[in-house]
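# Geometric and topological summary
For reference, the chains in residue letters:
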Amino acid sequence: MRDRGPSKEFVELRDMLSKFKNMKELYEGESSGKLNVEILLPLLENFGKYLAKSAGLKSSQIRKFFDAVKNIQNEFVQKEVREGEIRQRILRLKPALAYATARQRHQLQSFTDIMYMAMDKVEDKKDFDYFVEFLEAIVAYHKYHGGKD
């Protein structure tokens, strides 16, 4: 099977993410007279649909990563993680995601590449909150478009 390169959905979302230095700018700013979030949400939906339909990504394949992110969020709420630790905690998830991707490259590569870009844009608690929202949207749209367990 010949590699066809990155999907259109991946490229559009990657290009949107690359325009901003952090998640706050992405979520709170505007481009071309529209709120960035108005532009972002359809891209997240298209990417979630791509992951469910074309990449064949199963819910269980992203669940472990999603659960790890939610654990960090819960630990912050319970004051077990200080604000200054948020960035290092989120970046520490990269090796586990890399390992999962190495085992199932076709299904996970696009998801991992987007997550790496988004993780690199987390600088503080506000960025982390937006990162969680970003991930939740992908997971929700993946499920909505038929992502299987």
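A quick note: this is a predicted structure, and the numbers were derived from the prediction, not measured.

Secondary structure summary: the protein contains eight helices and two strands in total. Relative to the globule expectation of 15 Å for 149 residues, the C-alpha radius of gyration of the protein, 15 Å, shows essentially globular dimensions. A principal-axis box enclosing the C-alpha atoms of the protein has dimensions of 45 × 40 × 25 Å. Expressed as a percentage of the 149 residues in the protein, the buried residues total 42%. Considering only residue pairs separated by 6 or more positions, the protein has 73% of its internal contacts joining residues 24 or more positions apart.

Turning our attention to the layout of surface pockets. Considered as a void within the structure, the second largest pocket measures approximately 300 Å³ in volume. If you trace the second largest pocket, you find 13 residues lining it, with Gln61, Lys64, Phe65, Ala96 and Ala100 closest to the centre. Residue assignment for the lining of the second largest pocket shows that the elements contributing at least two residues are helix H4 (59-77) and helix H6 (94-103). Of the residues in the lining of the second largest pocket, the class split is eight nonpolar, three polar and two charged.

Applying the stated rule across the entire model yields three aromatic pairs. Consider the rings of Phe47 and Tyr50, whose centres lie 6.3 Å apart with planes at 25°: the pair is stacked. Residue Phe47 and its partner Tyr50 are both found in helix H3 (residues 36-53); the two are separated by three residues, about one turn of the helix. Under the relative-accessibility criterion, Phe47 is labelled buried at 0%.

Cut-off values and rules
- Residues numbered from 1 in each chain as written.
- Predicted model: local features only at pLDDT ≥ 70, side-chain atom pairs only at ≥ 80, totals over all residues.
- Heavy atoms only, no water.
- Helix = DSSP H or I, 4+ residues; strand = E, 2+ residues; numbered from the N terminus.
- Rg over C-alpha atoms; globule rule 2.2 N^0.38 Å.
- Buried < 20%, exposed > 50% of the residue type's maximum accessible area, 1.4 Å probe, protein only.
- Contact = heavy atoms within 4.5 Å.
- 1 Å grid on protein atoms, 1.4 Å probe; cavity = no way out; pocket = protein on both sides within 12 Å on 5 of 7 lines; lining within 4 Å.
- Points joined across faces, edges and corners; volume = space filled by probe spheres on them.
- Nonpolar A, V, L, I, M, F, W, Y, C, P; charged D, E, K, R; others polar.
- Phe/Tyr/Trp six-rings, centres within 6.5 Å; stacked < 30°, edge-to-face > 60°.

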